[in-house]
Amino acid sequence: MSTDGGLLGVPETRLPVDPAAARLGAGESAETVAAAYPSSSLAWALLAEQALGAHRPVEAYAYARTGYHRGLDALRRAGWRGQGPIPWSHEPNQGFLRALAALNRAARAIGETEEEQRTATFLRDSSREAAETLGV
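Describing the overall build of the protein chain
When helices and strands are counted, the protein chain shows seven helices and zero strands. Reading the protein chain from its N end, one meets helices and strands in the order α-α-α-α-α-α-α. Expected size for 136 residues packed as a compact globule is a radius of gyration near 14 Å; at 14 Å, the protein chain falls within 12% of this value. Considering only C-alpha atoms, the protein chain reaches an extent of 40 × 35 × 20 Å along its principal axes. Of all 136 residues assigned to the protein chain, the portion counted as buried reaches 46%. Sequence separation of at least 24 residues holds for 57% of the intrachain contacts in the protein chain that already meet a minimum separation of 6. Carbon and sulfur atoms make up 52% of the accessible area of the protein chain, which amounts to about 7000 Å² in all. With 14 positive and 16 negative side-chain charges, the protein chain shows a spacing of 2 Å between the two charge centroids.

Brief notes about the nonpolar core
If you look at the biggest cluster of nonpolar residues, it comprises 27 residues, and the most contacted ones within it are Tyr68, Leu72, Leu75, Phe96, Leu97, Phe122 and Leu123. Elements that contribute at least two residues to this core include exactly α3 (41–53), α4 (57–77), α5 (94–110), α6 (113–126) and α7 (128–134). The element best represented in this core is α5, accounting for eight residues. Residue contacts for Leu123: discarding those within four places in its chain leaves Leu97, Leu100, Ala101, Arg128, Ala130, Ala131 and Val136. Counting ten residues, the second largest nonpolar core, distinct from the first, contains Leu24, Ala30, Leu42 and Leu47.

Quick look at the pattern of salt bridges
Summed over all chains, the structure comprises eight salt bridges. The salt bridge partner of Arg56 is Glu59, with a shortest N-O separation of 2.7 Å. Between Glu115 and Arg65 there is a salt bridge; the shortest N-O distance is 2.3 Å. Linking Glu115 in helix α6 with Arg65 in helix α4, this pair joins segments that are 50 residues apart in sequence. Under the relative-accessibility criterion, Arg65 is labelled partly exposed at 23%.

Details of the packing of α4 against α5
Two quantities define a packed helix pair, namely the angle between the helix axes and the distance between the axes. Between α4 and α5, whose axes approach to 8 Å, the crossing angle comes to 145°. Considering the relative orientation of α4 and α5, their crossing is left-handed. Residues Pro57, Val58, Ala60, Tyr61, Ala64, Arg65, Gly67, Tyr68, Gly71, Leu72 and Leu75 of α4 form the contact with α5, whose participating residues are Phe96, Ala99, Leu100, Ala102, Leu103, Ala106, Ala107, Ala109 and Ile110. Its residues assigned to classes, the contact of α4 with α5 comprises 17 nonpolar, two polar and one charged.

Quick look at the confidence of the model for the protein chain
On average, residues of the protein chain score 94 in pLDDT, and 94% of them reach the 70 mark or higher. When the criterion is pLDDT under 50, residues 1–6 qualifies, and its contacts beyond four places in sequence or with other chains add up to ten contacts.

Calculation criteria
Every chain is numbered independently, its residues counted from 1 as its sequence is written. In keeping with the model being predicted, local features are shown solely for residues with a pLDDT of at least 70 and side-chain atom pairs are shown and tallied solely at 80 or more, while totals for entire chains, interfaces and linings include all residues. Hydrogens are left out, water is left out, and the side-chain values use all remaining heavy atoms of the structure. Numbering of helices and strands starts at the N terminus; helices are DSSP runs of H or I of at least 4 residues and strands are runs of E of at least 2. Our radius of gyration looks at C-alpha atoms and nothing else; its globule reference is 2.2 Å times the residue count to the power 0.38. For each residue, the accessible area found with a 1.4 Å probe, counting protein chains only, is set against the maximum for its type, and the residue is called buried under 20%, exposed over 50%, and partly exposed in between. A contact between two residues is defined here by any heavy atoms of the two lying within 4.5 Å. For the area figures, the Shrake-Rupley method with a 1.4 Å probe applies, and any residue is considered shielded solely by the protein chains shown. Note on charges: Lys and Arg go in the positive column, Asp and Glu in the negative column, and His and the chain ends are not counted at all. A charged residue contributes its charge at one atom only: NZ of Lys, CZ of Arg, CG of Asp or CD of Glu. Here the nonpolar core consists of buried residues drawn from Ala, Val, Leu, Ile, Met, Phe, Trp, Tyr and Cys, with membership extended through side-chain atoms lying within 4.5 Å. Salt bridge criterion: a side-chain nitrogen from Lys or Arg within 4 Å of a carboxyl oxygen from Asp or Glu. What counts as an axis is a line fitted to C-alpha atoms, over the stretch in contact for a helix, and the angles between N-to-C directions run from 0 to 180 degrees. Two helices crossing with the near one rotated counterclockwise from the far one by less than a right angle form a left-handed crossing, whereas a clockwise rotation gives a right-handed crossing. Note on residue categories: nonpolar means Ala, Val, Leu, Ile, Met, Phe, Trp, Tyr, Cys or Pro, charged means Asp, Glu, Lys or Arg, and polar means any other residue, Gly included. What pLDDT reports is the predictor's confidence in each residue, on a scale of 0 through 100.

Have a look at this one:
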């Protein structure tokens, strides 16, 4: 997709830099960073991914849902109107997209089929590259 609009002329949404990313990149724990930056989708996505890896799907679902909703808030502040591309190639978007993918996997793990299907469609519609990269 182009940087000036998707197939229907809807512009891409590019989130601002997440200040939590630097602390996470420096090796600080996702739990500590989420407490310091509760609006960071990336911190919540990492917590969800860790919980999924530890076979704690209900905990992962809660973390992923938090990251997803905080990401929706950020997207709306960035001008997103409920549709259009959210490119994976723009690094600040990756926290939201990872939270969405983690929500998909957690929904699958707890048998919430409708949510699993909805999140898979949302991820593919937002960024095919993210869906492929994240295995959704």
